[in-house]
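Analysis of the macromolecular model
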Amino acid sequence: MKLTDNVLRSFRVAKVFRENSDKINCFDFSSNGETVISSSDDDSIVLYDCQEGKPKRTLYSKKYGVDLIRYTHAANTVVYSSNKVDDTIRYLSLHDNKYIRYFPGHSKRVVALSMSPVDDTFITGSLDKTIRLWDLRSPNCQGLMHLQGKPVCSFDPEGLIFAAGVNSEIVTLYDLRSFDKGPFATFKMMHDRTCEWTGLKFSNDGKLILVSTNGGTLRLLDAFKGVVLHSFMGYNNSKGVMLEASFTPDSQFIMIGSEDGKIHVWNAESGMKVAVLDGKHTGPVTCLQFNPKFMTFASGCSNMAFWLPTIDD
């Protein structure tokens, strides 16, 4: 089944899970699309089975809190950032709920964490104005970049380059093998003083970069030229909430939640709004991602919702 405007308009909430007592701050689908794992401000980690549509288990990170949770390539393991006590990254085995390794180094809150799509490398960006490069097999930082401001960062889908958005106005591209030589491309944006950049993602085809903000605007960039192709607006975000924006797996559509619980969808090529879906969320939709393998997506406030299409176009 192919994603079309009509199929996207037909999506409805199939299941709602009320496993959390506070907002879901992040979630991540496994690469095979069979599970999704969430982190929440209530210090819990919830693992969901996407095929059976139910929560499988809940773990806790009471002492350090949990945010920016990501699956690694090893089965049943995740990395996540702490949001209490310190700013260490933790590598957890879900199998026995034991830490495999810690990654200390950042001196302020970690605001971005991206796992390489191809190997054990991951990158983190922090309010200490650095991006750090790590390898899951070593607790020592493998690379360090000092920046002029708060960074957001992400790997491209081939794991060869990564992008950093700095100070909410510059996007820089680095070659992973020679990042110490500095960026090979720098794109300067119009600085919008009304909002800060909160996220940066590549499309699966590697051609587009999506920059999300804590305001009412998303920007879509050409990943090669750095040109702003579209600015997406018209969704509610008046309180400066971090709302996650995502591409669909085919790179054709862009989605974001809003503070009133609705999901807005645009066509990436034309820039036209395709759909506004009512998720009946009780709070702002802080997390939103499409399943990488199946025709379903998930959205989260303090509740988690699984969506399915109601037509097969």
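Looking at an unreviewed UniProt entry, the protein carries the name WD repeat-containing protein 82, with the source organism given as Huso huso.

Under the criterion given, the structure shown has 11 salt bridges. The closest approach of N and O atoms between Asp43 and Lys84, which form a salt bridge, is 2.8 Å. In this pair, Asp43 sits in the loop between β3 (35-40) and β4 (44-49) while Lys84 sits in the loop between β7 (77-81) and β8 (89-93), placing the two residues 41 residues apart along the sequence. With a relative accessible area of 10%, Asp43 lands in the buried category. Residue Lys84 is classed as partly exposed on the basis of its relative accessible area of 31%. A salt bridge links Glu52 to Lys54, with the nearest nitrogen and oxygen atoms 3.0 Å apart. Given a relative accessible area of 48%, Glu52 falls into the partly exposed group. Classification of Lys54 as partly exposed rests on a relative accessible area of 40%. Members of the salt-bridge network, linked through shared partners, are Asp120, Asp135 and Arg137.

By the secondary structure assignment, Ser126 is in strand β11 (residues 121-126). Relative accessible area serves as the criterion here: at 0%, Ser126 is assigned to the buried category. Of the polar contacts made by the side chain of Ser126, one reaches the backbone oxygen of Arg109; its length is 3.2 Å. Looking at Ser126, its side chain comes within polar contact range of the main-chain nitrogen of Asp128, at 2.9 Å. Beyond its immediate sequence surroundings of up to four residues, Ser126 is in contact with His106, Lys108, Arg109, Val110, Val111 and Pro151.

Thresholds, definitions, all that
- Residues numbered from 1 in each chain as written.
- Predicted model: local features only at pLDDT ≥ 70, side-chain atom pairs only at ≥ 80, totals over all residues.
- Heavy atoms only, no water.
- Salt bridge = Lys/Arg side-chain N within 4 Å of Asp/Glu carboxyl O.
- Helix = DSSP H or I, 4+ residues; strand = E, 2+ residues; numbered from the N terminus.
- Buried < 20%, exposed > 50% of the residue type's maximum accessible area, 1.4 Å probe, protein only.
- Polar contact = N/O pair within 3.5 Å; in protein donor to acceptor, adjacent residues only side chain to side chain.
- Contact = heavy atoms within 4.5 Å.

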